[in-house]
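# A look at the structure
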Amino acid sequence: MTRASVRANAVRSNFYRYVIAANGYCCIRAVFAITHLLRTCRGGPLSGHHYVPRVVVVTGASGGIGRATARMLGGRGYQVALLARGETGLSGAAQDVEAAGGTALPIATDTADHRGVEAAADRIEAELGPIDVWVNVAFTSVFARFDDIEPEEYRRVTDVTYHGYVNGTRAALARMRPRNHGVIVQVGSALGHRGIPLQTAYCGAKHAIEGFHEALRTELMHEDSNIKVTIVEMPAVNTPQFSWVLSRLPQKAQPVPPIYQPEVAARGVLKAIDHPQRRARWVGLSTAGTILANRVAGGLLDRYLAHTGFSSQQTDQPRDTDQPSNLWEPVDGSDGRDFGAHGAFDERSHGAGWIG
């Protein structure tokens, strides 16, 4: 490649970045203005109701966002049912909840198994009482080009990341409908609005969650139901997934900067629980910028990600060929270790962030 072509590619990449940033900034300013107007017209905050739950279910509670959310719920003194596959991770999460002042009920569950989710829900109501809030977080993924993902691996990612949310929502609704009361929180992602390379299975599942959420929300609104469903769109988060998700990349996988700590994401989930009337919340300005820029300049983002999306998701270190994978079995199971809430990128992660 000639020096001139290298310079041209650099100029083109910077141009895309500036255009996307400018569009995202303008859209964010518009959102802020509309939000202020609505608050003024209504004479107060958009969320006029503060919901106080007692029994909360968190899936994917053994690590990452689910783990941080469960710990914060314990700090409120709530009874928290913890659902995940890994028994060692669940034990650690239960200790976190109890140490924070809450009551924990860990249940080893694969959310892709609808019968297992139903059995877990029955046990929760029998031991803790009626479920007030259900938070869907559990997921898995494969870091690889589309052609390098086997069909059964693709199905597994979809079963956990999408059908797991469907199964959890179905179990929650079946118990909330007779009481006409409850809140369901879906933990979404900016990647549910904007797909990126090397994560086709995950992005596809997250896009499916968006459609599912919108369709279900309108059904409940049609029924004039008091059950609320809301979604929290997440940015790149420093979770253990980059140490245990199946990867076929040549280098170690990493979140696309800027990176936020799981506690930032958890605060977004708690805000959604407290004010469930909102159809969606966005965590991090990068989430807002990604979603809004994709709406107004999707083609530019395609080109930008084609240039940067491969390198930005990998470090400069070779991937460990012995890295564990949680696609089929948990790496924090009875013979594994507790990974906790944080991943390997603490030094590069933000402990605070905007929540809209």
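This text follows the structure it describes.
Residues numbered from 1 in each chain as written. Predicted model: local features only at pLDDT ≥ 70, side-chain atom pairs only at ≥ 80, totals over all residues. Heavy atoms only, no water.

## Focus: helix α9 (residues 285-308)
To keep things clear, this is the line we draw: Per the convention used, a helix needs a DSSP run of H or I reaching at least four residues, while a strand needs a run of E reaching at least two, with both numbered from the N terminus. To estimate how far a helix should reach, multiply one less than its number of residues by 1.5 Å. Axes are fitted to the seven residues ending at a residue and to the seven starting at it; the angle between these axes is taken as the bend at that residue. Per-residue accessibility, obtained with a 1.4 Å probe over protein chains only, is compared with the maximum for each type, and a residue is labelled buried under 20%, exposed over 50%, and partly exposed between these values.
Between its first and last C-alpha atoms α9 spans 20 Å; for 24 residues at 1.5 Å apiece the expected length is 34 Å, and the helix comes up short by more than 12%. The largest bend in α9 is about 110 degrees, located at A297. Residues of α9 that are buried: T287, A288, G289, I291, L292, A293, A297, L301, Y304, L305 and T308.

## Notes on a negative patch on the surface
As a reminder of what qualifies: Only residues whose relative accessible area exceeds 30% and that form no salt bridge are eligible for patches; like-charged ones are grouped when within 9 Å, while nonpolar side chains (Val, Leu, Ile, Met, Phe, Trp, Tyr) are grouped when within 5 Å. Using a 1.4 Å probe, the Shrake-Rupley method yields the accessible areas, and only the shown protein chains count as cover for residues. Salt bridge, as used here: a side-chain nitrogen of Lys or Arg that lies within 4 Å of a carboxyl oxygen of Asp or Glu. By the counting scheme adopted, Arg and Lys are positive, Glu and Asp are negative, and His together with the chain ends is not counted. Charged side chains are reduced to one point each, which is NZ for Lys, CZ for Arg, CG for Asp and CD for Glu.
On the surface, a cluster of negative charge is made up of D147, D148, E150 and E152. By secondary structure assignment, the location of E150 is in the loop between β5 (142-143) and α5 (151-176).

## Details of the packing of aromatic side chains
Counted only if it meets this: Classification of ring pairs uses Phe, Tyr and Trp, with its six-membered ring standing for Trp, and accepts pairs whose centres are within 6.5 Å; under 30 degrees between planes counts as stacked, over 60 as edge-to-face, and the remaining range as tilted. Remark: a charge is flagged as sitting over a ring if the NZ atom of Lys or the CZ atom of Arg is within 6 Å of the ring centre and within 35 degrees of the ring normal.
Going through the model one piece at a time under the given rule, you end up with six aromatic pairs. Pairing F139 with Y202 gives two aromatic rings, centres 5.5 Å apart and planes at 65 degrees, and the pair type is edge-to-face. With F139 in the loop between β4 (133-136) and β5 and Y202 in helix α6 (residues 200-222), this pair connects stretches of sequence that are 63 residues apart. On the basis of relative accessible area, F139 is assigned to the partly exposed category, the value being 25%. Summarising the aromatic geometry, the rings of F146 and Y154 are spaced 5.7 Å apart at their centres and angled 80 degrees between planes, so their arrangement reads as edge-to-face. Overall, Y154 belongs to the partly exposed group, its relative accessible area being 24%. Taken together through their ring pairs, the aromatic side chains of F143, F242 and F345 make up a single cluster. The ring of F339 is capped by R337, whose NZ or CZ atom sits 3.8 Å from the centre of that ring.

## Some thoughts on the pairing of strand β3 (residues 103-108)
Put simply, the rule is: By the convention used here, strands pair only if DSSP detects at least 2 bridges between them. A crossover gets the label right-handed when its path from the first strand over the helix to the second runs clockwise, viewed with the strands pointing away from the viewer.
Two strands pair when backbone bridges link them, and strand β2 (residues 79-84) and β3 are joined in this way by six bridges, in the parallel orientation. By the bridge assignment for β3, A84 is matched with A108. Following the chain from β2 across helix α3 (residues 87-100) to the adjacent parallel β3, one finds a crossover that is right-handed.

## Points about the pattern of salt bridges
Taken as a whole, this structure holds 14 salt bridges when the rule is applied. One salt bridge connects E118 with R175, and the closest N-O pair in it is separated by 2.9 Å. Placement of the pair is E118 in helix α4 (residues 114-127) and R175 in helix α5, with a sequence separation of 57 residues. The class for E118 is partly exposed, based on a relative accessible area of 24%. Here R177 and E223 are joined by a salt bridge, their closest N and O atoms 2.9 Å apart. Remark: E223 occurs in the loop between α6 and β7 (227-234) and R177 occurs in the loop between α5 and β6 (182-189); sequence separation between them is 46 residues. With a relative accessible area of 41%, E223 lands in the partly exposed category. Beyond isolated ion pairs, a larger network of salt bridges with shared partners links R67, R71, D96, E263 and D338.

## Considering the sheet that holds β2
Selection rule: Each axis is a line fitted through C-alpha atoms, taken for helices only over the stretch in contact, and angles between the N-to-C directions span 0 to 180 degrees.
Pairing is parallel across the open sheet formed by seven strands, whose spatial order is β3-β2-β1-β4-β6-β7-β12. With one partner strand each, in any of the chains shown, β3 and β12 (280-282) form the two edges of the open sheet. Averaged over all pairs of adjacent strands, the angle between their axes in this sheet comes to 15 degrees, without regard to strand direction. With three bridges connecting them, β7 and β12 associate as parallel partners.

## Re the packing of α4 against α5
Definition in use: For classification purposes, angles smaller than 35 degrees are called roughly parallel, those larger than 145 roughly antiparallel, those between 65 and 115 roughly perpendicular, and all remaining angles oblique. In this scheme, a crossing is called left-handed if the near helix is turned counterclockwise away from the far one by less than a right angle; it is called right-handed if the turn is clockwise. Any two residues whose heavy atoms approach within 4.5 Å at even a single point are treated as in contact. Residues are grouped as follows: Ala, Val, Leu, Ile, Met, Phe, Trp, Tyr, Cys and Pro are nonpolar; Asp, Glu, Lys and Arg are charged; every other residue, Gly included, is polar.
Contact pair α4 / α5: the axes reach a minimum separation of 9 Å and the direction vectors enclose 40 degrees. Judged by the inter-axis angle, α4 sits oblique to α5. As α4 packs across α5, the resulting crossing turns out to be right-handed. Two secondary-structure elements touch here, α4 through H114, V117, E118, A121, D122 and E125 and α5 through N167, G168, R170, A171 and R175. Taken together, the residues of the contact of α4 with α5 break down into three nonpolar, three polar and five charged.

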